[in-house]
Amino acid sequence: MNAVTFQNVSKRFKGAGRSALENVSFTVEEGEFVTVLGPSGCGKTTLLKLINRLYEPDSGQILLFGEDTQGVDLVKVRRGIGYVIQQIGLFPHWTVAENVATVPKLLKWDRDRIRARTDELLRLVGLEPEEYKNRYPSQLSGGQQQRVGLARALAVDPKIMLMDEPFGALDSITRGKLQQELLALHRETGKTFLFVTHDIEEAFLLGGRVLILDGGKIAQFDTPEAIIRRPAEGFVRSLVESAREKGRFWEAYL
Amino acid sequence: MIGQIGEYFRTSLDRWTGMLTAHVAVSLLALVIAAAIAVPAGVLCVRHERLKKPLTGLFGALRVVPSLAILLLMLPVLGTGTAPAAVALVLLAVPPILMNTVAGLESVPESVLETAAAMGMEEGQIWRKARLPLALPLVLTGLKTAAVEIVASATLAAKIGAGGLGELIFTGIGLFRTDLLLIGGGSVAMLSLLTGLLFDLLDKLLLRYKTA
Ligand SMILES: Nc1ncnc2c1ncn2[C@@H]1O[C@H](COP(=O)(O)OP(=O)(O)O)[C@@H](O)[C@H]1O
Ligand SMILES: [Mg+2]
């Protein structure tokens, strides 16, 4: 089953000189971990937001688990998608537990079920419920806040997770730890992950396949090994080359 | 002097309490009406960008007219008493509440609104659960500024027969009675201070997440 299908999708913002996405087509299979890689402004965020309809396409079709997203109720589409962004966007006036329970509360789950689910989720993302659930977001480190963001997005067990540079603002040690935990989470849950990053190492480490965007078009979409062995001419080749340069820089000190 | 002041409170405590009550009553009335106008107007400004300039401009312009002038201009329309005084005070109080409401609503981070929408919250839910509560600290700041200004300006309301502590001050001026001036002025000052403190307390109680 395909989790996500883009068919000739284009999007141009009002007043913009060129399209943010131009005639983009691809499919992501259920259970895949796909990373979306590209420089700032290449259309990564636009691509994600078209899936949960924070943006609407100008043309083309987007299917989610075989269903045209345009044909389904907006709220229903979004409840089935976990969304995590770099700025996290926790409600600052709610405790950790209340934040995690946002969607269960909207769905009017009963109190015991919400409490049990909140504890379960906090443990899943590595936060001891007793210690953290009554804190406010301002009382957490950036990494802990993003763990809560992740727990909140997982609350009603969405089949697909959209993540927009979720670790982009974290220090490299915290980031490395969260990357490993995210991989484990993906293995355990079997959910479909779409993960946006501008960091090539992160994209190649996490992604089973990497979708490389350049100026609103797909430059290459393949496994990390295939991309490294046979990079597409032009943009991808220079991207891989620059990563090699960086590797050589570190090797000089080994 | 202290003796005179003591004497005043021994003989005229009831009168003083009456003036104090009238002062608080007209102030509270003006604050409630101003808030009932300014907070919804602020929400409108943020929801409809087109309305922002005209609305804030209108109330900003009205604010420039001195309260005393407004009080006197109201005389032929509303006559004397509490009503014209309240109107003048409302006009004075709307701008700070309006500006702060707009600023508060606009200060809510885009990321909070975006993830709220992405979780399937509807527009109304986003406003009720996130946008309005998160604007509250600045709304309270606006209410505090407005309340303190109202309490001070309500002194002038005595000029058009609305009563309040201003009576004491104007009587003091008329009779060259420094003791009455001191009691009147001191009472207004205390009331202003108390109003400010009350809002600080409210802020602490309602917005524990900021200091937690
Ligand atoms: N809301 C918007 N309004 C207008 N232009 C936008 C908007 N969002 C993105 N863009 C433009 O679309 C292009 C792609 O942006 P984006 O998808 O955010 O890129 P990325 O996430 O890869 O950095 C950029 O040129 C950007 O300026
Ligand atoms: Mg982006």
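Cut-offs and rules
Residues numbered from 1 in each chain as written. Chains lettered and ligands numbered in written order. Predicted model: local features only at pLDDT ≥ 70, side-chain atom pairs only at ≥ 80, totals over all residues. Heavy atoms only, no water. Pairing = 2+ DSSP bridges. Helix = DSSP H or I, 4+ residues; strand = E, 2+ residues; numbered from the N terminus. Axes fitted to C-alpha atoms, helices over the stretch in contact; angles between N-to-C directions. Contact = heavy atoms within 4.5 Å. Buried area = accessible area lost by both parts, 1.4 Å probe. Salt bridge = Lys/Arg side-chain N within 4 Å of Asp/Glu carboxyl O. Polar contact = N/O pair within 3.5 Å; in protein donor to acceptor, adjacent residues only side chain to side chain. Nonpolar A, V, L, I, M, F, W, Y, C, P; charged D, E, K, R; others polar. Near = heavy atom within 4 Å. Areas by Shrake-Rupley, 256 points an atom, 1.4 Å probe, with all protein chains shown as cover. Patch = residues over 30% accessible without salt bridge, like charges linked within 9 Å, V, L, I, M, F, W, Y side chains within 5 Å. Lys, Arg positive; Asp, Glu negative; His and termini not counted. Charge placed at Lys NZ, Arg CZ, Asp CG, Glu CD. Buried < 20%, exposed > 50% of the residue type's maximum accessible area, 1.4 Å probe, protein only. Phe/Tyr/Trp six-rings, centres within 6.5 Å; stacked < 30°, edge-to-face > 60°. Lys NZ or Arg CZ within 6 Å of the ring centre and 35° of its normal.

Participant: In this structure, what is going on with the sheet that holds strand β3 (residues 33-37) of chain A? I would like to understand it.
Facilitator: Through backbone hydrogen bonds, the strands of a sheet pair up, either in parallel or in antiparallel fashion. Residues and elements named next belong to chain A. Strands sit in the order β6-β7-β8-β3-β9-β10 across an open sheet of 6 strands; the sheet is mixed. Looking at the sheet topology across the chains shown, the edges are occupied by β6 (81-85) and β10 (217-222). Ignoring strand direction, the axes of neighbouring strands in this sheet form an average angle of 15 degrees. Sheet topology note: the β6/strand β7 (residues 160-164) ladder contains 5 bridges and is parallel.

Participant: Please explain the interface of chain A and chain B as it appears in this structure.
Facilitator: One frequent convention defines the size of an interface as the accessible area lost when the parts assemble. Facing 24 residues of chain A, the contacting portion of chain B comprises 19 residues. For the pairing of chain A and chain B, the buried interface totals around 1,900 Å² over both sides, and the portion due to carbon and sulfur atoms is 69%. On the chain A side of the interface with chain B, the three residues burying the most area are A:Phe91, A:His93 and A:Leu106, jointly 26% of the side's total. Scanning the region where chain A abuts chain B turns up 1 salt bridge. Of the charged contacts, one joins A:Lys49 and B:Glu114 as a salt bridge, the two residues approaching to 3.1 Å between their closest N and O atoms. The tally of links from chain A across to chain B stands at 8 residue pairs in polar contact (both at pLDDT 80 or more). For the side of chain A that touches chain B, the secondary-structure elements that each account for two or more residues are α2 (74-79), β6 and α4 (102-106) of chain A. Partitioned by chemical class, the residues of the side of chain A that touches chain B number 13 nonpolar, 7 polar and 4 charged.

Participant: Help me understand the site of ligand 1, please; the structure alone is not making it clear to me.
Facilitator: Residue and element names in this part refer to chain A. Near ligand 1 the following residues occur: Phe13, Ala20, Pro39, Ser40, Gly41, Cys42, Gly43, Lys44, Thr45, Thr46 and Tyr55. Between ligand 1 and Gly43, the relevant distance is 3.1 Å, taken from an oxygen atom to a main-chain nitrogen or oxygen of the residue. Within the backbone of Lys44, one N or O atom sits 2.9 Å away from an oxygen atom of ligand 1. Against a free-state accessible area of 560 Å², the protein chains account for coverage of 60% of ligand 1.

Participant: How should I be thinking about a positive patch on the surface in this particular structure?
Facilitator: On the surface, a cluster of positive charge is contributed by A:Lys105, A:Lys108, B:Arg128 and B:Lys129. Note on placement: A:Lys105 falls in helix α4. Taking the relative accessible area as the measure of exposure, A:Lys105 reaches 37% and is therefore partly exposed.

Participant: Help me out: how do you make sense of the environment of B:Leu75 in this one?
Facilitator: Residues and elements named next belong to chain B. Mapped onto the secondary structure, Leu75 falls in helix α3 (residues 67-78). Using a relative accessible area of 29% as the deciding quantity, one classes Leu75 as partly exposed. Leu75 sits 33 residues away from Val108 along the chain, and the two C-alpha atoms are 42 Å apart. When residues no more than four places from it in sequence are discounted, the contact partners of Leu75 are Thr80 and Ile160.

Participant: Any chance you could explain the packing of aromatic side chains here in plain terms?
Facilitator: The description of an aromatic ring pair uses the distance of the two centres, along with the angle that the planes make with each other. Residue and element names in this part refer to chain A. Scanning the model with the defined rule gives 11 aromatic pairs over all chains in all. Seen in terms of ring centroids, Phe6 and Phe26 are 4.6 Å apart; in terms of plane orientation they differ by 20 degrees. Their pairing is stacked. Pair noted here: Phe6 is in strand β1 (residues 2-11) and Phe26 is in strand β2 (residues 21-29), with a separation of 20 residues, a long-range link. For the pair formed by Phe6 and Phe26, the shared burial category is buried. When the centroid spacing of 5.3 Å and the interplanar angle of 80 degrees are considered together, the rings of Phe249 and Trp250 count as edge-to-face. Look at Phe249 and you get partly exposed, because its relative accessible area is 45%. An aromatic cluster is built from Phe33, Phe167, Phe193 and Phe195, whose rings are joined through pairwise contacts. In this structure, Lys105 is placed above the aromatic ring of Trp94, and the distance from its NZ or CZ to the ring centre is 4.3 Å.

All we've got here are geometric facts, nothing functional implied.
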